[in-house]
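Residue-level structural notes
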Amino acid sequence: MGVSASSTSRQTQRNNEQAYVRSLGDRYPLGDAELRKWIWCHDRLQSNGTPSLVPIQNSSELTSLAVWSASYGDYNPFSRGQSQPSVNSFFDRINSAKRVLETITIVENEILPAGLSLRIANGALALNRLSSKRNSSNLTWNPPDSSSTEEITAAEEKYYSISSYVNKFMSAGGKASYGHNDFSGYTLEQFLEGLSVSCGRRGSRACLSKFFAIVAAGNGGVTQQTMAKASDIIFTAYSLTLAASFMKHMAYLEDGKSGKIDWRSFIPEKDPKGMSSMVDSLLNHAKTRRKEYGPNSHFDYPSTSATSSSASKGNETSVSLQEFLDWSETMAPMMGSALSTFLHVLFTYFSNADSPETDSTKGPRFPPGVTPIFIPNLTIEKAPSTAKYAASTPTSSFFHEPHWSSFDLFALTCTSLSLASGRWHRLFSSEANGLSCNRLMHSILGYGGPTLLLIRSKDSRKDGKCGTGVFGAFTYTPWDQESGSFYGNSDCFLFRLGPDAMCVYRPKGGGDNAAEGLYKASKSESNNSRNFMYFNPEARSKGFDGLAHGIGFGGTAEAPRLFIDEVLDGCRASTDDLTFDNGPLLSGVDASNSNQFDVESIEVWGVGTSSQIDEALLARDEQREDAAKKIRQAMKGAKGQFLEDFQSGLAGSKLFQHRQEMRGRDGGCDLDQDNDERTE
């Protein structure tokens, strides 16, 4: 009788919990299991206690939240039928919490800028609201004496209880609405809203706005500011992406299966060489916008403090929220995922609820609409087909070692989802394979996935050309055909990485062709507005088609906008065409310079997830095998015909047929007479 009453009481409590959680789910874009977890974590943060066996007494608010989150792990009373509880499950969660503590301690002390962790905790998650009203309750795990499922379930329910919130909800007649008199409920809702926005659940624009507010607030502050330094914005996003990439790799070290990761490889450069180009890009956009809309257009919302005279005139090194949002939308759309990726990895990748897989590009799934950004892992061909010294060359001549902290690599990942997807595989390197356009074309022909082309120009200003610089192009469409016509779709863009201001030139008129698939431009098109990519070797037409021979983007078949000549003698990069946005690709160019450049080095990378790249490489291998098969068949056919002629006695007459033809020409050539004259 007592057991039945106890079971009924627990079922009633679960029903009340579900009702409470679902009432919150009507207002916050979080799942039921997520909401219950965060309610419990919030309750734990309001105490001075610590998780069992995990010392966090002197840790930051963000660290404490991450540890409590990992301690909760895969616990989910709403889906009891899916897994059986066990004592080991709890200790697995505690081990995950210890790994989180080790990782976030390194992140806060070595990777993130000083004070950023505090700004995220206070400005993004409203954890500063908890500091003034703490209780001293401790939470200790008391394992049951037996291993029965019923007793373990009861122990877990006691440890992971959220009854204090549920009871208030039921006392209020089933209404989860809090006022300032209910401090814990009020701060919980602020916390849940902060999580929803900062983790990208309210949309990328809201998350990016929260990121801007964190940067603008300054160390530890939560006061709303109208301006933020452009360099602080860029460096903060750079640091968060490095931290997320480091934590992602640390999450794979469970039981020592994946070796050790040196955290020093993820320390941001103190003064990144390439960062000035990205900062200049943001500031140039802000200046252009102010000229267009007026000098005070950068004030997008009223400040909570009096506006200083210097701010009213516009700070030349700072930008407003709207200026930053407009710039990032075109130049660096993936930058908006830096904060949400960091928090998602911190709160989920170490959890047993969805532990990362062995593939370094996989891990817990991100919620719909939330796209992650990671520093990609660089891989190379296992057996380079050319250049004996290939094995001794660096992975890339464009990204320094260790490549994880290369700012240029981060800058490129910000430009496209495909570039931030986890892996880049080197298809061609002029240092490893030789500076040859023919080898370049061979390396990418048939590759069935997105590719990134990087070019470094020589300083040829004394010859009337451009200075040294890095620029290139990205295309999602495979290089699967040789053609005198353009093909591809609008998921393609040109870029300049530096040293002049970074620029990204996307197709004019939007991305409608991305849904249409492959688009082939014809010569009859007068506007040439869909000339995305061009692959035309001279061997295709024996050089008689009157078109440019090499690889190109934009422009026309006679003069592509960005063009790598097949003999590397007429490479050029123009400032405008009808396909892509206008602007310079070359650096160090003035009115006296032409649009031509000399190539110093070139690299081509296949980009995407590991599975995408492996499938694309397989497609290239199949294309090469198919081409080799056709050549073998052609050679076999020629040899077979010759053998047939030889066996039939026709081979001799065919071999000497030219002698008969020569005798029949005007002016004649009597070979027999010549032979007679020699014998006399």
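Everything here concerns the structure above.
Read on for a plain summary of the structure. Note that the coordinates shown come from a computational prediction; the quantities given were computed from them, not determined experimentally.

What follows deals with the overall build of the chain. Scanning the chain from terminus to terminus reveals 23 helices and 13 strands. Within the chain, buried positions represent 51% of all 680 residues. Relative to all contacts within the chain whose residues are 6 or more apart in sequence, the contacts with residues 24 or more apart total 73%. With the model as given, the accessible surface of the chain reaches about 31,400 Å², and the carbon-plus-sulfur share is 49%.

Between helix α10 (residues 230-250) and helix α14 (residues 338-348), the shortest axis-to-axis distance is 9 Å and the interhelical angle comes to 25 degrees. The angle between the axes of α10 and α14 places the two elements in the roughly parallel class. In this structure, α10 meets α14 at a crossing whose hand is left-handed. Counting all contacts with α10, which are made through Ala237, Leu240, Thr241, Ala243, Ala244, Met247 and Lys248, the residues of α14 involved are Ala338, Leu339, Thr341, Phe342, Val345 and Leu346.

A word on unusual backbone geometry. Between glutamate 401 and the following residue, proline 402, the backbone shows a cis peptide bond with an omega angle of -10 degrees. Assignment of secondary structure puts proline 402 in the loop between β3 (377-379) and α15 (407-413). Cis geometry marks the peptide bond from glycine 498 to proline 499, where omega comes out at 5 degrees. In this model, alanine 126 sits at a positive phi of 60 degrees, which is unusual for a non-glycine residue. Among the structural elements, alanine 126 can be located in the loop between α5 (116-124) and α6 (149-159). Residue classification places alanine 126 among the buried residues on the basis of a relative accessible area of 15%. The phi torsion at leucine 568 lies on the positive side, around 60 degrees, for a residue other than glycine. For leucine 568, a relative accessible area of 22% translates into the label partly exposed.

With that settled, consider the sheet that holds strand β7 (residues 492-498). Think of a sheet as strands paired side by side through backbone hydrogen bonds, with each pair either parallel or antiparallel. The mixed open sheet is built from 7 strands, whose spatial order is β3-β4-β13-β5-β6-β7-β8. The sheet terminates laterally at β3 and β8 (503-505), the two strands that pair on one side only. If you compare each strand with its neighbour and ignore which way they point, the axes differ by 25 degrees on average. The sheet contact formed by strand β6 (residues 469-475) and β7 spans 6 bridges and is antiparallel. Within β7, the position partnered with phenylalanine 471 by the bridge is arginine 496.

Their axes nearest at 9 Å, the elements α5 and helix α9 (residues 204-217) cross at an angle of 125 degrees. As summarised for this structure, α5 and α9 are arranged oblique, according to the angle between their axes. As α5 runs across α9, the sense of the crossing is right-handed. Facing Leu116, Arg119, Ile120, Gly123 and Ala124 of α5, the residues of α9 in contact are Lys210, Ile214 and Val215. In terms of residue class, the contact of α5 with α9 is built from 5 nonpolar, 1 polar and 2 charged.

Spatially, the 4 strands line up as an open sheet ordered β9-β10-β11-β12, and their pairing is antiparallel. Where the open sheet ends on each side, the last strands, each with one partner, are β9 (533-536) and β12 (572-573). Direction of pairing for strand β10 (residues 550-553) relative to strand β11 (residues 562-565): antiparallel, over a ladder of 4 bridges. Within the sheet, the bridge partner assigned to isoleucine 551 lies in β11 and is isoleucine 564. Those strands touched by helix α17 (residues 437-444) are β9, β10 and β11, and its axis lies near 70 degrees from that of β10.

Our focus in this paragraph is the pattern of salt bridges. Within this structure, the stated rule accounts for 18 salt bridges. Two residues, lysine 630 and aspartate 626, come together in a salt bridge whose shortest N-O distance is 3.6 Å. Placement of the pair is lysine 630 and aspartate 626 together in helix α20 (residues 610-648), with a separation of 4 residues, close to one helical turn. If you follow the salt bridges from partner to partner, you end up with Asp74, Arg93 and Glu156 in one network.

Attention now moves to the nonpolar core. In terms of nonpolar packing, the biggest core is built from 122 residues, with Met278 and Phe342 touching the most fellow members. Residues in contact with methionine 278, not counting those within four places in the same chain, are Ile234, Trp327, Ala332, Met335, Phe407, Phe410, Ala411, Cys414 and Met502. Of all hydrophobic cores here, the second largest spans 37 residues; its members include Leu440, Trp479, Cys492 and Ile551.

Okay, the packing of aromatic side chains next. Enumeration over the complete set of coordinates arrives at 31 aromatic pairs. Measuring from centroid to centroid gives 5.0 Å for tryptophan 38 and phenylalanine 347, while their planes differ by 70 degrees, and the two rings are edge-to-face. Here tryptophan 38 is found in helix α2 (residues 32-45), whereas its partner phenylalanine 347 is found in helix α14, with 309 residues between them in sequence. For tryptophan 38, a relative accessible area of 6% puts it in the buried group. Each ring, one from phenylalanine 266 and one from tryptophan 404, has its centre 5.2 Å from the other, and the planes form 25 degrees; the classification is stacked. Of this pair, phenylalanine 266 sits in the loop between α10 and α11 (275-293) while tryptophan 404 sits in the loop between β3 and α15, and the two are 138 residues apart along the sequence. For the residue pair phenylalanine 266 and tryptophan 404, the accessibility class agrees, reading buried in each case. The structure contains a cluster of three or more aromatic residues connected by ring pairs, namely Trp40, Trp68, Tyr72, Tyr75, Tyr159 and Tyr160. A cation over a ring is seen here: lysine 248 above phenylalanine 374, with NZ or CZ 4.2 Å from the ring centre. Residue placement shows arginine 506 over the ring face of phenylalanine 493; its charged tip is 4.7 Å from the ring centre.

Parameters at a glance
Residues numbered from 1 in each chain as written. Predicted model: local features only at pLDDT ≥ 70, side-chain atom pairs only at ≥ 80, totals over all residues. Heavy atoms only, no water. Helix = DSSP H or I, 4+ residues; strand = E, 2+ residues; numbered from the N terminus. Buried < 20%, exposed > 50% of the residue type's maximum accessible area, 1.4 Å probe, protein only. Contact = heavy atoms within 4.5 Å. Areas by Shrake-Rupley, 256 points an atom, 1.4 Å probe, with all protein chains shown as cover. Axes fitted to C-alpha atoms, helices over the stretch in contact; angles between N-to-C directions. Parallel < 35°, antiparallel > 145°, perpendicular 65-115°, else oblique. Left-handed = near helix turned anticlockwise from the far one by under 90°. Pairing = 2+ DSSP bridges. Nonpolar A, V, L, I, M, F, W, Y, C, P; charged D, E, K, R; others polar. Salt bridge = Lys/Arg side-chain N within 4 Å of Asp/Glu carboxyl O. Core = buried A, V, L, I, M, F, W, Y, C linked by side-chain atoms within 4.5 Å. Phe/Tyr/Trp six-rings, centres within 6.5 Å; stacked < 30°, edge-to-face > 60°. Lys NZ or Arg CZ within 6 Å of the ring centre and 35° of its normal.

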